[in-house]
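Single-letter residue listing:
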Amino acid sequence: MTDRYAVFGNPLSHTKSPFIHAAFAAQFGEDMTYEAIEAPVDGFEAAVRAFFAAGGKGLNVTVPFKVAAEAMADEALEAANICGASNCLKFENGRIIADNFDGVGLVRDIEVNFGVELKGKRMLFAGAGGATRGALGPFLEAGVAEIWIANRTIDKAEAVAQLLGPRGSIHACGYNAIDRGFDVVLNATSASLLGECPPVPSIAFEGTTLAYEMVYGKGKTPFLRLAEANGADQIADGVGMLVEQAALAFAWWRGKRPDTAPVIEALTIPLQ
Ligand code: NDP
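Here's the deal with the domain arrangement of the protein
- Partitioning the protein into structural domains gives domain 1 (3–100) and domain 2 (103–239).
- Inter-centroid distance (C-alpha atoms) of domain 1 to domain 2 is 26 Å.
- Listed per partner, the contact involves seven residues of domain 1 and seven residues of domain 2.
- In this assembly, domain 1 packs against domain 2 so that about 580 Å² is buried in total across both faces, 52% of it on carbon and sulfur atoms.
- Three residues, Ile82, Cys83 and Asn100, lead the burial of domain 1 against domain 2; their summed loss comes to 68% of the area buried on that side.

What about the nonpolar core?
- One finds Phe125, Phe139, Ile147, Ile149 and Leu186 to be the most contacted residues of the largest nonpolar core, which totals 30 residues.
- Setting aside anything within four residues of it in sequence, one finds Phe125 in contact with Thr132, Ala135, Leu136, Phe139, Ile147, Trp148, Ile149, Ala150, Leu186, Ala188 and Met214.
- Grouped together as the second largest cluster of nonpolar side chains are 24 residues, Val239, Ala249, Trp252 and Trp253 included.

Some remarks on the packing of helix H1 (residues 17–28) against helix H9 (residues 239–254)
- At a minimum axis distance of 10 Å, the contact between H1 and H9 shows a crossing angle of 50°. Between H1 and H9, the angle falls in the class oblique. Taken as a pair, H1 and H9 cross one another with a handedness that is right-handed. Contacts between H1 and H9 pair Ile20, His21, Phe24, Ala25 and Phe28 from the former with Leu242, Val243, Ala246, Ala247, Phe250 and Trp253 from the latter.
- When grouped by side-chain class, the residues that make up the contact of H1 with H9 number ten nonpolar, one polar and no charged.

Remarks on helix H8 (residues 222–229)
- Residues of H8 that are buried include every one of Phe223, Leu224 and Ala227, and no others. One side of H8 holds all its buried residues, which, seen down the axis, span an arc of 95°.
- Lining the buried residues of H8 we find strand E10 (184–187), strand E11 (210–213) and strand E12 (234–237).

What counts and what doesn't
Residues numbered from 1 in each chain as written. Predicted model: local features only at pLDDT ≥ 70, side-chain atom pairs only at ≥ 80, totals over all residues. Heavy atoms only, no water. Domains from an automatic or database assignment. Contact = heavy atoms within 4.5 Å. Buried area = accessible area lost by both parts, 1.4 Å probe. Core = buried A, V, L, I, M, F, W, Y, C linked by side-chain atoms within 4.5 Å. Buried < 20%, exposed > 50% of the residue type's maximum accessible area, 1.4 Å probe, protein only. Axes fitted to C-alpha atoms, helices over the stretch in contact; angles between N-to-C directions. Helix = DSSP H or I, 4+ residues; strand = E, 2+ residues; numbered from the N terminus. Parallel < 35°, antiparallel > 145°, perpendicular 65-115°, else oblique. Left-handed = near helix turned anticlockwise from the far one by under 90°. Nonpolar A, V, L, I, M, F, W, Y, C, P; charged D, E, K, R; others polar. Arc of directions from axis to C-beta.

Right, dumping it as C-alpha cells:
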C-alpha cells in the first residue's frame, strides 16, 4: 500500500515540501505520497489525529503549528524537547513521536554545503523566534564558541538564551548593543518577508565568513545586501536549510538518506 506523508501549516500556498519529498521519493523509487494540508488554525491536533487514523505515516509541521506538534506528541525526541517545538512527526506503533530537524538542517547547510566549519566560531542570530530556538542546540553541538541573540524585543531574546544557557555560551542583547564582528551572522527574523531588514549594525559583519538569511526564494534581501556591502565573504539564503531538514525527515521516516544537491539546485533562485 502507498504510504502517506504530508506537511501541515497555515497558510501553505507557497510550500516547497511536496516538490522536495517527491524528488527524494523518486531517487529511491519509494511508494509514497506527500500532500500539503492547510489545517484550521484552531484545529491542528484533530487534523493530525485524523491523518494518522487514516493511515498517515509521518508529517512535517510548519508555521503556526510547531509548538502544538511538540505538545501533542506521546514522545518528543531531544531536539524537539529542548526547544519545545517540532517540525516533524512520525506515527509508530500507535504513538506519535516528535523531532525537530530545522537546526540540524541549518548546521548541515552551513558546514557541508557552504564549507564553513562552526567549531570555535562566534555567531550572531538576529531574531529570537522559533527558528532561533530550534537552531541553538545543534549549533552548540557543532562546537561554536559563543552565540549572541539580538532581538527588537529583548525579553524574548533573554528567554531564549536562558532556555539553553546552561549548555553553552549564549547571550541576549538589543541590536544597538552589538559592538564587534561575528564569524557567522544569521537573519532568523521574518523581516525579509516584508522586504525589511533587522537593524543589525555594520560592525557585526567585520570578519564575517558567512551571512545567512533563513528566508528563502526572495533573492538578495536587504539583510544580504547589507552583509555584502559590509564585506561578508559569502552570503546565502535558507533554501539549503529547507532541503536539508527535509532530507533528515525523509531519512527518519524511510531509513534512506537522499541526495540533497540536485534538489537544492532545482529550488535555488540566484542571489542577484
Ligand atoms: P517567529 O515569528 O517565531 O519570529 C519572528 C522573529 O522576527 C522575531 O524575533 C521578531 O522580533 C523578528 N522580526 C519580525 N519582523 C521584524 C523586523 N521588521 N525587524 C526586526 N525583527 C523582526 O518566526 P520564526 O522564528 O519561526 O521564523 C523566522 C524566519 O525564518 C521566517 O521568516 C521563516 O520563513 C524562516 N524560516 C526558514 C526556514 C528554512 O527552512 N529556510 C525554517 C524555519 C524558519 P520580535 O520578537 O521583536 O517581534
